[in-house]
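What follows is each chain in one-letter form.
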Amino acid sequence: MAISVIGLVVEKFDRKILDDISLELNSNRTIGLVGPSGSGKTTLIRALVGSQRIKSGKVKIFGLEPGSEKLRSRIGYMAQKSALYSDLTVRENLDYFAAIFGASKRRVGEILDLLHLGEHNKKIAGSLSGGETSRLSLGIALLGDPDLFFLDEPTVGLDPILRAELWKVFRNLKEIGKTLVITSHLMDEAERCDDIILMRNGKVIFHGSLESLRIRTNCSEVEEAFIKLASGGM
Amino acid sequence: MIISRTLLTTRRILQQVRHDHRTIALIILVPTVLMGLLSWMLSDVPNAFNQWGGPLLGIFPLIVMFLITSVATLRERTSGTLERLMVSPIRKSEFISAYAIAFSLLGALQALIAALVSINIYGLDTKGHTSAIILVAVIDAVMGTALGLLASSMARTEFQAVQFMPVFLIPQFLLGGFIVDRDSLPNLLNLLSDLMPLSYSIDALNIALSDQSLGGQYWENILIVLAIVLSALILGGLTLPRSSR
């Protein structure tokens, strides 16, 4: 078991952002956390990595407390914010985080190639376009050799070709035994995952495989299934 | 604590400063230029530059380093890099130590330049205690860094961090013996001034700028300031949140 969540509640300004979430997620899977903006995906990811204060409930990652020292070296995290040093160059950002994660210089080169950032090597991160910024942020999350990746909207703003390439990378990571939790507001991205978690208004409205979603809702498209589940048609 | 992660982070902070030419100018030039302005203002008043300039040599680096450190650390939080780091293998103590080392180095450089220029160009009379005066100025710059780190752990935005300056520094400036001799303060205020690190650094500077020999009192003041700096750094590390609301 990679992730266990029992009765998780998060409140911000007396408003429930996550409402009694319980999940059990296995290792070596790509898990798509899908829902519209404001559904609680980012808050759930932040609670799983230990950067979100929770009101009640229990979260365990590989049996450990989120944010604990033993766990942090096993986690790769891309936040929704770009979380880059905008006054450093692309290479300086990657070199610094590579050193923190214990990744080699060769790995930095691989990431630059993989995310088509080589030509921007010496550019100041603050001068990058939105898509380039997202790629660099994702590159930092992929630098180390963690067992579990939390990627919050990793493909937002990317062109379809790069998006397809990245999904290939995610699949390759899964094939070598990694677990990936990937959020997206794009319903079609759920179809690329082994497990789908559909969220709305801080609640999980579905958790299972694409096939079981289709069987349960009798819909072929995830978006159609989401509408059916959200409108209480099930 | 893993030293290499601390030093890597120190190097990264210094790299950021290197890219920011205005910050370099602020760090290096502001206290030196302000000391020059003071010396010019007081050029026709006998002994006044020594009386006011000596303590200010400790106060200017304190203010500049407080502001730069608190805003730089807050920027880590608002940009999301602090969250990324808090999820990575780096420890809070390594992060705080890196900031303390990086900005203390810059602060020490700043204080050193301001002191050397004040003594050799503006004519601050050190009574033969040049290194003792430079040491206090350097320690005050480090104190500004430590207090800035502490303030940033309490603030949620850069706006709040800047507003912490009057809270952390102005009372010290008023009660530290710069305007009125500490012994002349009402009892309660005198007691409060005993709790403030700047009081001890101004005491140390006054001893160094007087005709008397340095003696144990000077070193006692230095040790008290260093103990408060260390406490502020530890407190800054303890109050740095790994998670937020």
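Since the structure is predicted, the reported quantities are computational estimates derived from the model, not experimental observations. Numbers given to residues run from 1 along each chain, matching the order in which its sequence is written. As they are written, the chains are lettered A onward and the ligands numbered 1 onward, keeping that order. Totals for whole chains, interfaces and linings use every residue, but because this is a predicted model, local features are given only for residues with pLDDT of at least 70 and side-chain atom pairs only at 80 or more, for both listing and counting.

> Requested: an account of the overall build of chain A, with residues and values cited.
Note on conventions: DSSP H or I runs of at least 4 residues are helices, E runs of at least 2 residues are strands, and numbering of each starts at the N terminus. Secondary structure summary: chain A contains nine helices and nine strands in total. A radius of gyration in this sense is built from C-alpha atoms; the matching globule rule multiplies 2.2 Å by the number of residues raised to 0.38. A globule of 234 residues ought to have a C-alpha radius of gyration of about 17 Å, and chain A, at 18 Å, matches this closely. The principal-axis extent of the C-alpha atoms belonging to chain A is close to 55 × 35 × 35 Å. For chain A, the proportion of its 234 residues judged to be buried stands at 46%. Two residues form a contact once the distance between their C-beta atoms, set from the backbone, is within 7 Å. Within chain A, residue pairs in contact and separated by at least 24 positions form 67% of the contacts whose partners lie at least 6 positions apart. Comment: burial labels come from other C-beta atoms within 10 Å of the residue's own C-beta, placed from the backbone, where a count of 20 or more is buried, 12 or fewer is exposed, and between is partly exposed.

> So what about the overall build of chain B? Which residues, and what values?
Check the secondary structure of chain B and you find 11 helices and zero strands. Moving toward the C terminus, one meets the helices and strands of chain B in the order α-α-α-α-α-α-α-α-α-α-α. By the compact-globule yardstick of 18 Å for 245 residues, chain B fits well, its C-alpha radius of gyration being 18 Å. Dimensions along the principal axes, computed over C-alpha positions, put chain B at roughly 55 × 40 × 30 Å. Across the 245 residues that make up chain B, the buried fraction comes to 48%. Across chain B, every contact between residues at least 6 apart in sequence was considered, and the portion connecting residues at least 24 apart equals 78%.

> Let's hear about the interface of chain B and chain A: which residues, and what values?
Taken together, the contact pairs 21 residues of chain B with 25 residues of chain A. Put simply, the parts of the chain that give the side of chain B that touches chain A at least two residues each are α1 (3–19) and α4 (81–87) of chain B. Counting residues per element, the side of chain B that touches chain A draws most heavily on α1 of chain B, at six residues. Charged residues are taken to be Asp, Glu, Lys and Arg, nonpolar residues to be Ala, Val, Leu, Ile, Met, Phe, Trp, Tyr, Cys and Pro, and polar residues to be all remaining types, Gly included. Classifying every residue of the side of chain B that touches chain A gives five nonpolar, nine polar and seven charged.

> Can you tell me about the sheet that holds strand β3 (residues 30–34) of chain A, naming the residues and giving the values?
Residues and elements named next belong to chain A. Taken in spatial order, the six strands make up an open sheet running β5-β6-β7-β3-β8-β9, and their pairing is mixed. In the strand order of this sheet, the two ends are held by β5 (75–78) and β9 (203–208), each with one partner. Within the sheet, the average angular offset between the axes of one strand and its neighbour, ignoring direction, is 15 degrees. Sheet topology note: the strand β6 (residues 148–152)/strand β7 (residues 179–184) ladder contains five bridges and is parallel. The partner of Leu148 across the bridge, within β7, is Thr179. Lines fitted to C-alpha atoms define the axes, with helix axes restricted to the stretch in contact, and inter-axis angles between N-to-C directions lie between 0 and 180 degrees. Relative to the sheet, helix α5 (residues 130–142) contacts β5 and β6, its axis offset from that of β5 by approximately 170 degrees. Here helix α6 (residues 160–175) sits on the sheet and contacts β3, β6 and β7; the angle it forms with β7, its principal contact strand, is near 150 degrees. In this description, strands pair whenever DSSP reports at least two bridges between them.

> Let's hear about the pairing of strand β2 (residues 15–25) of chain A: which residues, and what values?
With seven bridges joining them, strand β1 (residues 3–12) of chain A and β2 of chain A adopt antiparallel strand pairing. The residue of β2 of chain A that forms the bridge with Glu11 of chain A is Lys16 of chain A.

> Residue-level account of the nonpolar core, with values.
Here, a nonpolar core denotes buried Ala, Val, Leu, Ile, Met, Phe, Trp, Tyr and Cys residues that are linked to one another through C-beta atoms within 7 Å. By size, the foremost hydrophobic cluster in this structure holds 143 residues, and its most contacted members are Ala137 and Ala146 of chain B. Either an automatic procedure or a domain database provided the assignment from which the domain bounds are taken. Mapped onto the domain boundaries, this core takes at least three residues apiece from domain 1 (29–54 + 63–74 + 147–234) and domain 2 (82–145) of chain A. With residues up to four places along the chain from it excluded, the contact list for Ala137 of chain B reads Leu57, Gly58, Pro61, Ala111, Ala114 and Ala115 of chain B.

> Let's hear about the sheet that holds β1 of chain A: which residues, and what values?
Residue and element names in this part refer to chain A. The strand order across the open sheet formed by three strands is β2-β1-β4, and the pairing between neighbours is antiparallel. Two strands close off the open sheet at either side, each with one partner strand: β2 and β4 (56–61). The average angle at which neighbouring strand axes cross in this sheet is 25 degrees, direction not considered.

> Which residues make up the domain arrangement of chain A, and what values go with them?
All names here are of chain A. Segmenting chain A into domains produces domain 1 (29–54 + 63–74 + 147–234) and domain 2 (82–145). For domain 1 and domain 2, the distance between their C-alpha centroids amounts to 24 Å. In this assembly, eight residues from domain 1 lie in contact with seven residues from domain 2. If you list the elements that add at least two residues to the side of domain 1 that touches domain 2, you get β6 and α6. Each residue belonging to the side of domain 1 that touches domain 2 can be placed in one class, and the counts come to seven nonpolar, one polar and no charged.

> Please give an account of helix α3 (residues 90–101) of chain A that cites residues and values.
With 12 residues, α3 of chain A ought to run about 16 Å at 1.5 Å a step, and its terminal C-alpha atoms sit 17 Å apart, in line with that. Of all 12 residues in α3 of chain A, 10 are buried; the element is thus mostly enclosed. Taken together, the buried positions of α3 of chain A are occupied by Val90, Glu92, Asn93, Leu94, Asp95, Tyr96, Phe97, Ala98, Ile100 and Phe101 of chain A. On its buried face, α3 of chain A is in contact with α4 (105–114) and α5 of chain A together with α1 of chain B. Following α3 of chain A by one or two positions, Gly102 of chain A adopts a phi angle in the positive range, close to 75 degrees. By this rule, a helix spans an expected 1.5 Å times one less than how many residues it contains.

> Now, about the packing of helix α3 (residues 48–79) of chain B against helix α7 (residues 158–168) of chain B: what can you tell me, with residues and values included?
All names here are of chain B. Between α3 and α7, the shortest axis-to-axis distance is 9 Å and the interhelical angle comes to 150 degrees. In terms of their interaxial angle, α3 and α7 are classed as roughly antiparallel. Every pair of crossing elements has a handedness; the one defined by α3 and α7 is right-handed. Residues Phe66, Leu67, Ser70, Val71, Leu74, Arg75 and Thr78 of α3 form the contact with α7, whose participating residues are Glu158, Ala161, Val162, Phe164, Met165 and Phe168. Here the contact of α3 with α7 is built from residues that sort into nine nonpolar, two polar and two charged. Should an angle lie under 35 degrees it is considered roughly parallel, over 145 roughly antiparallel, and from 65 to 115 roughly perpendicular; all remaining angles are considered oblique. By the definition used in this description, the sense in which the near helix is turned from the far one sets the handedness, with an anticlockwise turn below a right angle giving left-handed and a clockwise turn giving right-handed.

> Requested: an account of α7 of chain B, with residues and values cited.
It helps to recall that an α-helix has 3.6 residues per turn; residues three or four apart then point in one direction. All names here are of chain B. What α7 keeps buried is the set Ala161, Phe164 and Phe168. Seen end-on, α7 carries its buried residues on one side only, within an arc spanning 45 degrees. Structural note: α7 exposes Phe159, Gln163 and Pro166 on the side pointing more than 90 degrees away from its buried face. Buried-residue contacts for α7 involve α3 and α6 (130–154). Note: the arc covers the axis-to-C-beta directions of the helix.

> For the pairing of β1 of chain A, give the residues involved together with the corresponding values.
Residues and elements named next belong to chain A. Following β1, the chain reverses through two residues before pairing antiparallel with β2; Phe13 in that reversal takes a positive phi of roughly 50 degrees. As judged from the five bridges shared by β1 and β4, these two strands associate in the antiparallel manner. Its bridge partner lying in β4, Val9 is registered against Ser56.

> Give a description of the packing of helix α2 (residues 21–41) of chain B against helix α5 (residues 92–120) of chain B that names residues and reports values.
Residues and elements named next belong to chain B. At a minimum axis distance of 8 Å, the contact between α2 and α5 shows a crossing angle of 30 degrees. In terms of their interaxial angle, α2 and α5 are classed as roughly parallel. The two elements α2 and α5 cross, and the hand of that crossing is right-handed. Each of Ile27, Ile28, Pro31, Thr32 and Met35 in α2 lies in contact with α5, whose residues at this interface are Leu106, Gln110, Ile113, Ala114, Val117 and Ser118.

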